[in-house]
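Chain residues, written in single-letter form:
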Amino acid sequence: MQYIALIYSAANSGPQPGTPEFGGYIQKYQEFTAEAQKAGVFVAGDALQSTDTATTVTLENGKLETTDGPFAETKEQLGGYYLLDCKDLDEAISYAAKIPTAKHGRIEVRPVMVFDQ
Amino acid sequence: MLPPFKPAQAIELTIREDYGRILASLVKSVGDLQLAEDVLQDAIEAALGNWQQHGLPNSPAAWLIQTARRKAIDRFRRDATWAKLKPELTYLTELENSQQTVDESEEIPDKRLELIFTCCHPALDQKTQIALTLRTLGGLTTDEIARAFLDKPSAMAQRLVRAKKKISLAGIPYEVPASDILPERLETVLSVIYFIFNEGYAASSGNQVTRGDLSDEAIRLARITVQLLPERAEVTGLLALMLLHDSRRKARQNKKGELTALQFQDRKLWDQSKILEGTTLIKQALKKQQIGPYQLQASISALHAEAKNWEHTDWPQINALYELLYRMHPSAVVRINQSIAMSYATSIKAAIDLLKQVKASTQINDYQPWYVAMADLLDRDGKRDESIPLLEKAIELTDNDAEKQFLQKKLG
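In this text, all values refer to a predicted model and were calculated from it rather than measured experimentally.

How each quantity is defined
Residues numbered from 1 in each chain as written. Chains lettered and ligands numbered in written order. Predicted model: local features only at pLDDT ≥ 70, side-chain atom pairs only at ≥ 80, totals over all residues. Heavy atoms only, no water. Helix = DSSP H or I, 4+ residues; strand = E, 2+ residues; numbered from the N terminus. Buried < 20%, exposed > 50% of the residue type's maximum accessible area, 1.4 Å probe, protein only. Contact = heavy atoms within 4.5 Å. Axes fitted to C-alpha atoms, helices over the stretch in contact; angles between N-to-C directions. Parallel < 35°, antiparallel > 145°, perpendicular 65-115°, else oblique. Left-handed = near helix turned anticlockwise from the far one by under 90°. Nonpolar A, V, L, I, M, F, W, Y, C, P; charged D, E, K, R; others polar. Pairing = 2+ DSSP bridges. Core = buried A, V, L, I, M, F, W, Y, C linked by side-chain atoms within 4.5 Å. Buried area = accessible area lost by both parts, 1.4 Å probe. Polar contact = N/O pair within 3.5 Å; in protein donor to acceptor, adjacent residues only side chain to side chain. Arc of directions from axis to C-beta.

1. As for the overall build of chain B
- The helix and strand tally for chain B stands at 20 helices and zero strands.
- A principal-axis box enclosing the C-alpha atoms of chain B has dimensions of 80 × 55 × 45 Å.
- Counting across all 412 residues of chain B, residues that qualify as buried make up 50%.
- Within chain B, residue pairs in contact and separated by at least 24 positions form 64% of the contacts whose partners lie at least 6 positions apart.

2. Quick word on the packing of helix H17 (residues 348-361) of chain B against helix H18 (residues 368-380) of chain B
Residue and element names in this part refer to chain B.
- The contact between H17 and H18 brings their axes to 10 Å, and the two run at 150 degrees. When the axis of H17 is compared with that of H18, the two are roughly antiparallel. Crossing hand, H17 versus H18: left-handed. On H18, the residues that touch Ile348, Ala351, Ile352, Leu355, Lys356, Val358 and Lys359 of H17 are Trp370, Tyr371, Ala373, Met374, Leu377, Leu378 and Arg380.
- Along the lines of polarity and charge, the residues of the contact of H17 with H18 split into 11 nonpolar, no polar and three charged.

3. Considerations on the sheet that holds strand E6 (residues 106-111) of chain A
Residue and element names in this part refer to chain A.
- The four strands lie next to each other as E2-E5-E1-E6, forming an open sheet whose pairing is antiparallel. Each end of this open sheet is capped by a strand with a single partner; those strands are strand E2 (42-47) and E6. When strand polarity is set aside, the average angle formed by the axes of neighbouring strands in this sheet is 20 degrees.
- On the sheet, helix H1 (residues 20-38) packs against strand E1 (2-10), E2 and strand E5 (76-85) and is oriented at approximately 25 degrees with respect to E5.

4. Notes on the pairing of strand E4 (residues 63-68) of chain A
All names here are of chain A.
- The buried count for E4 comes to zero of six residues, which makes it a mostly uncovered element.
- Sheet topology places strand E3 (residues 55-60) next to E4; six bridges connect them, and they run antiparallel. When the bridges of E4 are listed, threonine 55 appears paired with aspartate 68.
- Turn length for the E3-E4 hairpin, with the two strands adjacent in sequence and antiparallel, is two residues, and the turn residue asparagine 61 shows positive phi of about 50 degrees.

5. Looking at the nonpolar core
- Counting residues in hydrophobic clusters, the biggest one holds 118 residues, and the most contacted among them are Leu64(B), Leu115(B) and Met242(B).
- Setting aside residues up to four positions removed in sequence, Leu64(B) forms contacts with Thr14(B), Ile15(B), Ile22(B), Ala43(B), Ile44(B), Ala47(B) and Trp51(B).

6. Looking at the interface of chain B and chain A
- At the junction of the two partners, chain B supplies 12 residues and chain A supplies nine residues.
- Of all residues in chain B, Ala170(B), Gly171(B) and Pro173(B) bury the most surface against chain A, accounting for 44% of the area lost on that side.
- Linking chain B with chain A are four residue pairs in polar contact (both at pLDDT 80 or more), by the criterion used here.
- Of the residues contributing to the side of chain B that touches chain A, the split by class is six nonpolar, four polar and two charged.

7. A closer look at helix H20 (residues 401-411) of chain B
Residue and element names in this part refer to chain B.
- Turning to H20, its buried residues are Ala402, Phe406 and Leu407. The buried side chains of H20 occupy one side of the element, clustering within an arc of 135 degrees when seen end-on.
- Those residues of H20 that are buried lie in contact with H18 and helix H19 (384-396).
- Just downstream of H20, glycine 412 is the residue with a positive phi angle, here 80 degrees.

Keep in mind these numbers describe shape, not what the thing actually does.
Following this line, the structure appears as structure tokens:
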């Protein structure tokens with residue numbers, strides 16, 4: 001079963017770029033990705049640019065509307081994701097707990113919808 | 001002469017006794033909780049007609065399981081939404097072909113432990129865990145569960161449907177957790193069972209002190225869990241604790257329905273068979289040397305049960321057990337209970353100091369048991385004038401009518 005692990009954290013929480021801790025933090029991500037790949041669980045995963053760069057798009061009565069910024073102005077923002085192929089929710093939760101941001105942020109785990117043929 | 005055979009009664013009896021076992025076995029073979037419930041319901045309906053005509057089968061449970069499996073095969077074939085359960089269909093069909101008739105001596109594989117862990121999975125909220133456990137393992141109807149929660153039946157039905165959908169779609173496993181996560185998962189299971197017990201023992205609101213059915217149900221669930229996990233001392237500890245509490249059921253309420261505190265209970269009303277079973281169990285559990293909070297609480301309860309009266313209670317040992325419990329599970333509740341033991345084991349002043357510390361170090365401004373305990377200690381210390389406002393505050397914070405009356409009496 002495929003699960004998406006959505007990585008949320010507050011903008012200035014956790015190790016910040018330019019600090020000595022940041023290098024270790026990035027390395028932990030590389031290690032996690034390698035572990036998930038080796039176990040055959042990894043399907044995809046990316047980090048996202050900050051929400052300052054986000055553009056939100058909608059069609060209002062057929063007219064294109066764009067807004068500068070993320071869909072929801074919340075303290076915790078989506079910063080990246082992993083797509084994981086796991087046996088069950090327990091396995092997905094155990095991987096989510098290993099994502100380095102879990103220490104200061106939150107990981108939302110959701111199953112990917114499968115459409116019948 | 002034997003009474004006339006009534007299939008409806010036979011079905012009801014089988015369902016009451018074996019519902020959890022039958023359902024758990026079906027979930028394993030059909031691979032989906034909702035589907036298992038639906039086909040079991042079909043089988044129960046079929047049983048009514050069939051048993052009326054042909055008499056009761058030797059093993060009603062085995063009959064229900066086989067019929068339900070056949071109903072599942074029909075649904076798999078008829079309905080494309082079950083396409084993802086192809087392996088289950090293959091398995092069921094093989095099973096069906098290998099046994100032409102219901103094997104009377106067929107052992108129903110016991111999968112209730114798997115089912116308990118599914119129902120009490122931490123990805124479900126606690127109320128849902130409790131409701132699902134009562135529905136699937138207890139065999140309670142949705143209406144009964146709604147009544148226990150003082151919920152609308154429709155809201156409860158919706159909650160259960162949503163939960164079963166999440167179990168299926170999110171891939172919540174139907175398994176006993178691996179040994180590294182088993183202890184914390186078991187803790188959730190035990191807390192669900194204990195919550196059910198307490199809902200039955202002291203309804204948090206409304207005018208019924210004891211909703212005994214729920215307490216009985218919790219004890220039954222704990223017995224099953226003990227039977228399935230005999231090596232886990234905390235499971236046995238929880239069963240002992242509930243039996244010991246429950247032994248005082250009759251003494252807790254007088255004829256007018258008023259609540260009676262342990263101190264003033266008529267000990268002749270305590271159920272000695274439950275006390276004997278509870279104390280025997282706690283002794284067995286303690287021998288395993290896996291000490292835990294349920295065993296400690298059961299030990300405290302056993303000391304009360306063995307005491308001739310309130311004055312002759314082994315307060316120093318109870319005080320020490322609460323201290324140990326506090327170190328394992330630091331909480332205001334434990335300290336408040338300890339203060340009573342300490343007031344007899346050490347001194348009233350020491351107990352008052354302990355309660356003052358509790359108030360200073362935690363956020364318990366509106367915590368009713370603190371006011372009850374403090375008022376009592378001050379009263380015993382000859383400070384009636386100081387105790388009265390605390391008692392008034394306690395009454396204000398009480399939802400349960402019987403307990404309110406009890407406190408009002410103290411106020412005089």
